[in-house]
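Residue strings, one per chain:
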Amino acid sequence: MVGGETADFERAKPILEAMGKNVFHAGPSGNGQAAKEDKAIANAILLAKKNNQKAFALLYDAYWEYLFSYLLKKNIPEDLAEDLAIKTFSKAFDKIATYDAKYTFKTWLVTISKNLHIDQHRKDKKQIQSRNESLEISQIHNVMDENPSPEDLLITTQNLKG
């Protein structure tokens, strides 16, 4: 880490750690805690844009519970919510350079998770549709009755007579 990054990280770390699970419930407080939290998040994002793994870890720790809870509130099964949250953070960290600070980081994460959920839904729908199509084709092939057709009976009787 470069000297300036280390100093930024050291300033951000205790604030992010102090936020813990209450980071998203911080409202305007007279002591400026919300402003410190915003500054710490902004510093962590800047460091993450420079591929600082510790900053990624801090952002992950700060926002995991919020994102996972959000997905569960959308009535997404727990295992799928966990998968979506993991994929969301993975995609967010891959695309951190595209993050626009005019939106909050958690809004950006939620947007990514919504898009991933839509993609997952489309993929599942396509798989179901594909299974239905293959089922219909197999049903078409199985429509034939195992009993001989009148033509087959006539041919068989003619062969027996002949």
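Summarised in this report is the structure supplied together with it. (Residues numbered from 1 in each chain as written. Predicted model: local features only at pLDDT ≥ 70, side-chain atom pairs only at ≥ 80, totals over all residues. Heavy atoms only, no water.)

**Side note on the nonpolar core**
Line of reasoning, step 1. Leu-59, Tyr-63, Leu-71 and Phe-105 are the most contacted members of the largest nonpolar core, which totals 29 residues.
Line of reasoning, step 2. When residues in this core are grouped by element, the largest group, 9 residues, is from helix H3 (residues 53-73).
Line of reasoning, step 3. Once residues within four sequence positions are removed from consideration, Phe-105 is found in contact with Ile-41, Ile-45, Leu-59, Tyr-63, Phe-93, Ile-96 and Tyr-99. (Core = buried A, V, L, I, M, F, W, Y, C linked by side-chain atoms within 4.5 Å. Buried < 20%, exposed > 50% of the residue type's maximum accessible area, 1.4 Å probe, protein only. Helix = DSSP H or I, 4+ residues; strand = E, 2+ residues; numbered from the N terminus. Contact = heavy atoms within 4.5 Å.)

**Notes on H3**
Line of reasoning, step 1. In a regular helix each residue adds 1.5 Å, so 21 residues correspond to 30 Å; H3 covers 29 Å between its end C-alpha atoms and thus fits that length.
Line of reasoning, step 2. The sharpest bend along H3 measures roughly 45° and falls at Tyr-63.
Line of reasoning, step 3. Of all the positions in H3, only Ala-55, Phe-56, Leu-58, Leu-59, Ala-62, Tyr-63, Leu-67, Phe-68, Tyr-70 and Leu-71 are classed as buried.
Line of reasoning, step 4. Directly beyond the C-terminal end of H3, a positive phi value near 60° is found at Asn-75. (Expected span 1.5 Å × (residues − 1). Bend = angle between axes of the 7 residues up to and from the residue.)

**Observations concerning the pattern of salt bridges**
Line of reasoning, step 1. Evaluated as defined, the whole model comprises 1 salt bridge.
Line of reasoning, step 2. Across the pair Arg-122 and Asp-119 runs a salt bridge, and its minimum N-O distance is 3.9 Å. Separated by 3 residues within a single helix, Arg-122 and Asp-119 lie in helix H5 (residues 105-141), roughly one turn from each other. (Salt bridge = Lys/Arg side-chain N within 4 Å of Asp/Glu carboxyl O.)

**Re unusual backbone geometry**
Line of reasoning, step 1. Although it is not a glycine, Asn-51 sits at a positive phi angle of roughly 65°.
Line of reasoning, step 2. Residue placement: Asn-51 occurs in the loop between helix H2 (33-49) and H3.
Line of reasoning, step 3. Judged by relative accessible area, Asn-51 falls into the exposed class, the value being 56%.

**Examining helix H4 (residues 78-94)**
For an α-helix, 3.6 residues make a turn, and residues three or four places apart therefore share a direction.
Line of reasoning, step 1. Counted at 1.5 Å a residue, the expected span for H4 with its 17 residues is 24 Å, and the 24 Å between its end C-alpha atoms agrees.
Line of reasoning, step 2. Regarding H4, the residues found buried are Ala-81, Leu-84, Ala-85, Thr-88, Phe-89, Ala-92 and Phe-93. All buried residues of H4 lie within an arc of 160° about the axis, which places them on one face of the element. Among the exposed residues of H4, those oriented more than 90 degrees off its buried face are Asp-79 and Asp-94. (Arc of directions from axis to C-beta.)

**Section: the packing of aromatic side chains**
The relative placement of two aromatic rings is captured by the distance of their centres and the angle of their planes.
Line of reasoning, step 1. Scanning the entire structure with this criterion turns up 10 aromatic pairs.
Line of reasoning, step 2. Arranged with centres 5.3 Å apart and planes meeting at 35°, the rings of Tyr-60 and Trp-64 form a pair that is tilted. In this pair, Tyr-60 and Trp-64 are both assigned in helix H3, 4 residues apart and thus about one turn of the helix distant.
Line of reasoning, step 3. Look at Tyr-60 and you get partly exposed, because its relative accessible area is 31%.
Line of reasoning, step 4. Between Lys-106 and the ring centre of Tyr-66, over which it is positioned, the NZ or CZ distance is 4.9 Å. (Phe/Tyr/Trp six-rings, centres within 6.5 Å; stacked < 30°, edge-to-face > 60°. Lys NZ or Arg CZ within 6 Å of the ring centre and 35° of its normal.)

**Section: the packing of H3 against H4**
Line of reasoning, step 1. Taken N-terminus to C-terminus, the directions of H3 and H4 make an angle of 145°; their axes are 10 Å apart at the nearest point. Every pair of crossing elements has a handedness; the one defined by H3 and H4 is right-handed. Contact residues: H3 offers Phe-56, Leu-59, Tyr-60, Tyr-63, Trp-64, Leu-67, Phe-68, Leu-71 and Leu-72, while H4 offers Glu-78, Ala-81, Glu-82, Leu-84, Ala-85, Ile-86, Thr-88, Phe-89 and Phe-93.
Line of reasoning, step 2. Within the contact of H3 with H4, the residues separate by chemical class into 15 nonpolar, 1 polar and 2 charged. (Axes fitted to C-alpha atoms, helices over the stretch in contact; angles between N-to-C directions. Left-handed = near helix turned anticlockwise from the far one by under 90°. Nonpolar A, V, L, I, M, F, W, Y, C, P; charged D, E, K, R; others polar.)

**Quick word on the side chain of Asn-52**
Line of reasoning, step 1. Relative to the helices and strands, Asn-52 is located in the loop between H2 and H3.
Line of reasoning, step 2. A relative accessible area of 6% places Asn-52 in the buried class.
Line of reasoning, step 3. Within the structure, Asn-52 has its side chain in polar contact with the backbone nitrogen of Ala-55 (distance 2.9 Å). (Polar contact = N/O pair within 3.5 Å; in protein donor to acceptor, adjacent residues only side chain to side chain.)

So, to be careful, I would describe these as geometric facts and stop short of saying anything about function.
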